[in-house]
Amino acid sequence: MTSRTPPAGLIFALPALLWVGLFFLVPVLIMVGYSLHPLDQSGAPGPLSLADYTAFFAEPAYVQALINSVITTLIVVAISTCLAYPFAWCIACIVPKKYQRLALLAAILPFWTSYVVRSYAWLLALSPVGAVNKALLALHLIGHPLMFAYNPQATEFGFIHFFLMLNTLTIYASLTQINPRYELAARDLGASAWRSFVTITLPLSIPGVAVGAFLTIVLCIGDYVTPQILGGFRELLLPQLIMMQIQRQLDLPMASAMSLLLTVLVALAYVALQRWLRMARL
Amino acid sequence: MRAPSSDLFSKGCTAVAAAVLMTAALSLPAHAAGTLNVLTWCDHEDPSLLQPFEAADDVKVNFKDIGSTADALAILGQSKPGDWDVIVLDETDTGRLERMGLLAPLHKADYPFSTIPAAIANPKLTSVDGTLYTVPEKFGYNTVAFNTTAVPGSAMANIQAPWDPKYKGRVAVYDYYVPEIQYAALALGLNPDKITPADFPALKAKLLALKANAAMVGDVTTVQQALTTGAVDILVGGGEWVTAGIQADSPNLTYTIPAQGGIRWQQGLGIFAASKNKPLGVKFIQYILSPEGQAKLATSSCYWGMPANTQAALTPAQKADLRWDNQPSYIRHSFPYIQMTPTLDKQLQALWAEVMQGK
């Protein structure tokens, strides 16, 4: 008689699988269910239908919100990564070891403030009567206040400030894991500092860049607070549109359909970055 | 490395279970005897408003803050029938909630309708098929608030002023699409009570022109902040709810109703059909509609607004801040929120989204 026992790996993975099942898969399935029962005339869920999905793609303003969300996220990922990399590299490679913790602490200091408060603080700084305009006026660099706030660029600025720090941490973690002997060996063999960076440090730090980029995509594409406070409704992002469905009409089916579209975008981003990571390891 | 002991594990489980139970308990209404469970807006939450009622009737008001009727529906969806007794609502939603079978009929004689202006007591907002379902308690305007040091009041008497290129970049627009679309309808010379899809192209063009002249469109907090800090001088959709409560600190901020008219918001109180506490609910509404309750509600720390009952015990200074003497004229020149159907609501929301996406 043979007894069948589950593999040890499965037993150890069970808590994590249960967690993901309960707090990710089940909610997603509930959202799928909601999205397939659009509200009828009385405001009650109607029969099974894809009407909310077709209504979404039939309304150009809604599709534009999706496009705006993607473009904003890509801009934020690109700029915050480009700014975070040299910052993280300086902390990891130039700042003496004993001061690195202090430098990292300085980098994450803005995280100690609430996200909403930080967005309002930026609004106060960037508004036409804010500190930035006042300083420029006092220095006679401008003749009248400039519109730094209440536009998509202000939204992107708020995002970049937040995600710059996040990317710095992930890239720093990746850089510190690289064995310094690789670069020393390259330099011994005659490679210039730039060549050893491009051929050794940069490729080996790509996982940190990819993790930072993915976290930025996840958090940025679904964010409602920053565009609401800093964006001035110059253009709508998809999370704002989702809130419009809920705040006034409690149209959960349409809000679910829109949210699932966001989830699909995040899944696509994961697939793209996963593939890239694998290529980087080759 | 130390493995976690079973004692630690059981303590951890107990702590998690306790946290879950506490969270669940906090999100549910209280059921103690003499407790009234109210879904309410922030202006009903001042202890100074609730304590006299609680003391007089030896009851506890257990309130849950909501921002809209949709919030209330979301909470009701997670509650048992009878969990909640009273609701504060935008009276344009009276019919919507009645059609869902959520509201109990009320007796007009229980409330001081004789001292509520006829336009505010309008059955279109409070009743369905001749039966009263909500009692008006507070109202105000979505017209134009402005900074008198930067903009002359005479200019603001014309509804077209926020479209004037002279004020480009000095205008903020409140982001609630219902009054804003109705306000644009007024500016176009349309009847804001009778907006149809045929009016949408003209409304879209008018709103796009307003957006092009504006510095920003924003929610309550953002537009209030913009006006009070001087980032903008004009707030389209503003009213006494922005300016009256801060007159002491910002006497330069005021509001007006243009000659062409304005839009009027109105909130009311209803009792849930499934409430097991209807008599106490009636007493609560009577208290809120009393002169004392009305004065405190009108000058709430959250936002000010006109009391529905003209007998509200307000001081002369408070009446001046609320433009008390102008009310008969203001009410005559203003239109209540449009009677909404789910279809019209979706259409207006899509129109607003198109405006927000437009250049």
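See above for the structure.
So, a few notes on the structure that sits alongside this text. (Residues numbered from 1 in each chain as written. Chains lettered and ligands numbered in written order. Predicted model: local features only at pLDDT ≥ 70, side-chain atom pairs only at ≥ 80, totals over all residues. Heavy atoms only, no water.)

## Some points on the overall build of chain B
Item 1. Helix and strand counts for chain B come out as 15 helices and 13 strands.
Item 2. At 23 Å, chain B has a C-alpha radius of gyration in line with the 21 Å of a compact globule built from 359 residues.
Item 3. Going through the 359 residues of chain B one by one, you find that 56% of them count as buried.
Item 4. If you take every contact in chain B between residues at least 6 apart in sequence, the share linking residues at least 24 apart comes to 77%.
Item 5. Working note: accessible area of chain B is about 14,700 Å², and carbon and sulfur atoms make up 60% of it.
Item 6. The averaged location of the 32 negative side-chain charges in chain B is 4 Å from the averaged location of its 27 positive side-chain charges. (Helix = DSSP H or I, 4+ residues; strand = E, 2+ residues; numbered from the N terminus. Rg over C-alpha atoms; globule rule 2.2 N^0.38 Å. Buried < 20%, exposed > 50% of the residue type's maximum accessible area, 1.4 Å probe, protein only. Contact = heavy atoms within 4.5 Å. Areas by Shrake-Rupley, 256 points an atom, 1.4 Å probe, with all protein chains shown as cover. Lys, Arg positive; Asp, Glu negative; His and termini not counted. Charge placed at Lys NZ, Arg CZ, Asp CG, Glu CD.)

## Digging into the interface of chain B and chain A
Item 1. Taken together, the contact between chain B and chain A spans 39 residues of the former and 32 residues of the latter.
Item 2. Of the roughly 3,000 Å² buried between chain B and chain A on both sides combined, carbon and sulfur atoms contribute 49%.
Item 3. Broken down residue by residue, the surface that chain B buries against chain A is led by Lys-346, Gln-349 and Gln-357 of chain B, which jointly contribute 21%.
Item 4. In this structure, the connection of chain B to chain A is made through one salt bridge.
Item 5. Measuring nitrogen to oxygen at the nearest pair gives 2.8 Å for the salt bridge that ties Lys-346 of chain B to Asp-251 of chain A.
Item 6. Viewed at the interface, chain A and chain B are joined by 13 residue pairs in polar contact (both at pLDDT 80 or more).
Item 7. When residues of the side of chain B that touches chain A are traced back to their parent elements, those giving at least two are helix H3 (69-77), strand S8 (216-218), helix H9 (220-229) and helix H15 (342-357) of chain B.
Item 8. No other element matches the 11 residues that H15 of chain B contributes to the side of chain B that touches chain A.
Item 9. In terms of residue class, the side of chain B that touches chain A is made up of 17 nonpolar, 13 polar and nine charged. (Buried area = accessible area lost by both parts, 1.4 Å probe. Salt bridge = Lys/Arg side-chain N within 4 Å of Asp/Glu carboxyl O. Polar contact = N/O pair within 3.5 Å; in protein donor to acceptor, adjacent residues only side chain to side chain. Nonpolar A, V, L, I, M, F, W, Y, C, P; charged D, E, K, R; others polar.)

## Points about the environment of Trp-352 of chain B
Item 1. Mapped onto the elements, Trp-352 of chain B comes out in helix H15.
Item 2. For Trp-352 of chain B, a relative accessible area of 1% corresponds to the buried category.
Item 3. With 130 residues separating them in the primary sequence, Trp-352 of chain B and Thr-222 of chain B have C-alpha atoms 18 Å apart.
Item 4. Discounting chain neighbours no more than four positions away, the residues touching Trp-352 of chain B are Met-244 of chain A together with Val-173, Tyr-174, Asp-175, Tyr-177, Glu-180, Ile-181, Leu-207 and Val-217 of chain B.

## Points about the packing of aromatic side chains
Think of a pair of aromatic rings as described by two things: how far the centres are apart, and how the planes are tilted against each other in angle.
Residues and elements named next belong to chain B.
Item 1. Under the definition given, this model contains 23 aromatic pairs over all chains.
Item 2. Aromatic pair Tyr-176 and Tyr-337: ring centres 5.8 Å apart, planes at 75 degrees, arrangement edge-to-face. You can see Tyr-176 sitting in the loop between strand S7 (171-174) and helix H7 (177-187) and its partner Tyr-337 sitting in the loop between strand S13 (334-336) and H15, a full 161 residues away along the chain.
Item 3. Residues Tyr-255 and Tyr-330 carry aromatic rings whose centres are separated by 5.8 Å and whose planes lie at 65 degrees to one another, so their mutual orientation is edge-to-face. Of this pair, Tyr-255 sits in strand S10 (residues 253-256) while Tyr-330 is found in helix H14 (residues 327-332), placing the two residues 75 residues apart along the sequence. (Phe/Tyr/Trp six-rings, centres within 6.5 Å; stacked < 30°, edge-to-face > 60°.)

## Observations concerning the pattern of salt bridges
Residue and element names in this part refer to chain B.
Item 1. In this structure the tally under the stated criterion is eight salt bridges over all chains.
Item 2. When the shortest N-O distance is used, the salt bridge between Lys-138 and Asp-43 registers 2.9 Å. Residue Lys-138 is found in strand S6 (residues 134-147), and its partner Asp-43 is found in the loop between strand S1 (35-40) and helix H2 (47-57); the two are separated by 95 residues along the sequence.
Item 3. Residue classification places Lys-138 among the buried residues on the basis of a relative accessible area of 1%.
Item 4. Exposure remark for Asp-43: the relative accessible area of 0% places this residue in the buried category.
Item 5. Across the pair Glu-54 and Lys-60 runs a salt bridge whose closest N-O atoms are separated by 3.8 Å.
Item 6. In this structure Glu-54 comes out as buried when scored by relative accessible area, which is 15%.

## Details of the packing of helix H5 (residues 115-126) of chain A against H9 of chain B
Item 1. Here H5 of chain A crosses H9 of chain B at 30 degrees, and the two axes come no closer than 12 Å. Judged on the interaxial angle alone, H9 of chain B and H5 of chain A are roughly parallel. Our pair here, H5 of chain A against H9 of chain B, has a crossing hand that is right-handed. Within the contact between the two elements, H5 of chain A uses Tyr-120, Leu-123 and Leu-124 of chain A and H9 of chain B uses Thr-221, Thr-222 and Gln-225 of chain B.
Item 2. Split by residue class, the contact of H5 of chain A with H9 of chain B holds three nonpolar, three polar and no charged. (Axes fitted to C-alpha atoms, helices over the stretch in contact; angles between N-to-C directions. Parallel < 35°, antiparallel > 145°, perpendicular 65-115°, else oblique. Left-handed = near helix turned anticlockwise from the far one by under 90°.)

## Side note on the state of the cysteines
Item 1. All chains considered together, the criterion is met by one disulfide over all chains.
Item 2. Here Cys-42 of chain B is linked by a disulfide to Cys-302 of chain B, with a sulfur-sulfur distance of 1.8 Å. Because the sign of the S-S torsion sets the handedness, a value of about -70 degrees for the bond joining Cys-42 of chain B and Cys-302 of chain B places this disulfide among the left-handed ones. In this pair, Cys-42 of chain B sits in the loop between S1 and H2 while Cys-302 of chain B sits in the loop between helix H12 (291-298) and strand S12 (306-307), placing the two residues 260 residues apart along the sequence.
Item 3. According to the relative accessible area criterion, Cys-42 of chain B is partly exposed, its value standing at 26%.
Item 4. Of the residues examined, Cys-302 of chain B reaches a relative accessible area of 36% and is grouped as partly exposed.
Item 5. No disulfide involves Cys-93 of chain A; its sulfur sits 8.3 Å from that of Cys-90 of chain A, the nearest cysteine. (Disulfide = S-S within 2.5 Å.)

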